[in-house]
Amino acid sequence: MNCPLATNYGDPIKRLRKIHEEGRSTKTLAGSVKDVAPGDCTVLGAPMLLPGLMQLFGQTRLADMLPNPVKVVISNNAGPPAPLYCAGARVTALYPVSIPAHGVGVNFTVQSYMDGLDFGVTADRASAPDMDRMGDLLVAAFEELSQAVLGEGAETPSNVASIGRARAEAAAKARAAEAEAARAKAQAEAAAKAKAEAASRPAPKPRAKASTKPRAASATPRATASRGGKSSSET
C-alpha cells in the first residue's frame, strides 16, 4: 500500500490528518480489488514460482536497474495488551525488527505492547548512514505531535522512560512484598504444623534410674600356719 508521508506540511496535526486521509483512500482501493484477487496460491504454483523469481531478481541485480516506487517502508503490528514474562522476569518492551527489501533503504516498524508503542528502525548502511540521527529526530517528532494533540505536559518519549522506570520499580517492590508475605505465611504454617504434630505425640514414659549402691567389702578370714599345736587366724 503506497501512502505519501506529507512531509511538505510543517504542522504535525495537518501532516497526520493528510497521512490518515491518504491511507484511508488507499485501503479503500485495496479492499475493492481484494475479492477478485486469487486466494488459493497453491493452485497457481506460487510456492514454487516465487522463490525462483526472487532468486533471479537478486542474481541479475534488477533492483539496481529498475526504478523503485518507494524508498521507505512503514508497518505497524498489534502486540499483546497484557504483560509478558520470561523466566519469571517481566518483559518491559517488545522492539520489532524487520528486513529491508531490495531498493528499500529504511524500514520503520511500530508494535504496541500493553499501553505503549515500541519502534524498530532497520536501514541499509550505504543508503542511510546517519540512522542514529534519525532516531533522535523520530523522538523529537513524536514529542512535537504529542504536545500538539494532547497539550503541554503530555507523556512524551522523554518522560515516558522515567515514568516507565518508576512503574517498574513500584511493580518490583510490590512483587518483593508479595514474596516476603508468602514466605512469612509459609514459615508460620510450618511452625503451626510442627506445633500440632508435637502436641499430638504421646508423652514419653519416665524411665527408672539404675541405683548404684556401694557394695560392702567382705572380709574372709585367712588361715595361718600353726606352730606348737596352736592355730591363729587373721583377718
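Rules used throughout
Residues numbered from 1 in each chain as written. Predicted model: local features only at pLDDT ≥ 70, side-chain atom pairs only at ≥ 80, totals over all residues. Heavy atoms only, no water. Pairing = 2+ DSSP bridges. Helix = DSSP H or I, 4+ residues; strand = E, 2+ residues; numbered from the N terminus. Axes fitted to C-alpha atoms, helices over the stretch in contact; angles between N-to-C directions. Contact = heavy atoms within 4.5 Å. Expected span 1.5 Å × (residues − 1). Patch = residues over 30% accessible without salt bridge, like charges linked within 9 Å, V, L, I, M, F, W, Y side chains within 5 Å. Areas by Shrake-Rupley, 256 points an atom, 1.4 Å probe, with all protein chains shown as cover. Salt bridge = Lys/Arg side-chain N within 4 Å of Asp/Glu carboxyl O. Buried < 20%, exposed > 50% of the residue type's maximum accessible area, 1.4 Å probe, protein only. Phe/Tyr/Trp six-rings, centres within 6.5 Å; stacked < 30°, edge-to-face > 60°. pLDDT = per-residue confidence, 0-100.

Colleague: Can you tell me about the sheet that holds strand E5 (residues 116-123), naming the residues and giving the values?
Modeller: The strands making up a sheet are joined through hydrogen bonds of the backbone, oriented either antiparallel or parallel. Spatial ordering of the open sheet is given by E1-E4-E5, a layout of three strands whose pairing is mixed. The open sheet has two edge strands with one neighbour each: strand E1 (72-77) and E5. Across this sheet, the average inter-strand angle for adjacent strands is 15 degrees, counted without regard to direction. Across eight bridges, the pairing between strand E4 (residues 106-113) and E5 is antiparallel. Looking at E5, one finds that Val 110 is bridged to Phe 119. Along the sheet, helix H4 (residues 131-150) contacts E4 and E5; its crossing angle with E5, the most-contacted strand, is approximately 155 degrees.

Colleague: Tell me about unusual backbone geometry, residues and numbers included.
Modeller: Only a minority of non-glycine residues have a phi that is not negative, and only a minority of peptide bonds are not trans. Phi angles above zero are rare outside glycine, and Ala 6 is one such case at about 55 degrees. Within the fold, Ala 6 resides in the segment before helix H1 (12-32). For Ala 87, which is not glycine, the phi torsion reads 55 degrees and is therefore positive. Within the secondary structure layout, Ala 87 lies in the loop between strand E2 (85-86) and strand E3 (89-90).

Colleague: Explain H4 to me, using residue names and the numbers behind them.
Modeller: Under the 1.5 Å per step criterion, the end-to-end length of H4 is 28 Å for 20 residues, consistent within 8% with the ideal 28 Å. Phi for Gly 151, located one or two positions after H4, is positive at around 95 degrees.

Colleague: Tell me about a nonpolar patch on the surface, residues and numbers included.
Modeller: On the surface, a nonpolar cluster with roughly 240 Å² of combined accessible area is contributed by Leu 5, Val 72 and Ile 74. Structurally, Ile 74 is set in strand E1. A relative accessible area of 51% means that Ile 74 is categorised as exposed.

Colleague: Run through the packing of aromatic side chains, naming residues and quoting values.
Modeller: If you walk through the whole model with that rule in mind, you get one aromatic pair. Judged by centre distance (6.1 Å) and plane angle (70 degrees), the rings of Phe 119 and Phe 142 are edge-to-face. Of this pair, Phe 119 sits in strand E5 while Phe 142 sits in helix H4; the two residues are 23 residues apart in sequence, bridging distant segments of the chain.

Colleague: Help me get a handle on the confidence of the model for the protein chain, residues and values and all.
Modeller: Segments scoring low in pLDDT should not have their predicted coordinates read at a detailed level. Looking at the protein chain, pLDDT values average 75 and 70% of them are 70 or higher. Here strand E7 (residues 233-234) is the element of the protein chain with the lowest mean pLDDT, 46, and E2 is the one with the highest, 91.

Colleague: Help me get a handle on the environment of Pro 12, residues and values and all.
Modeller: Inspection of the secondary structure assignment puts Pro 12 in helix H1. Taking relative accessible area as the criterion, Pro 12 reaches 9% and is therefore assigned buried. Pro 12 sits 136 residues away from Ala 148 along the chain, and the two C-alpha atoms are 7.3 Å apart.

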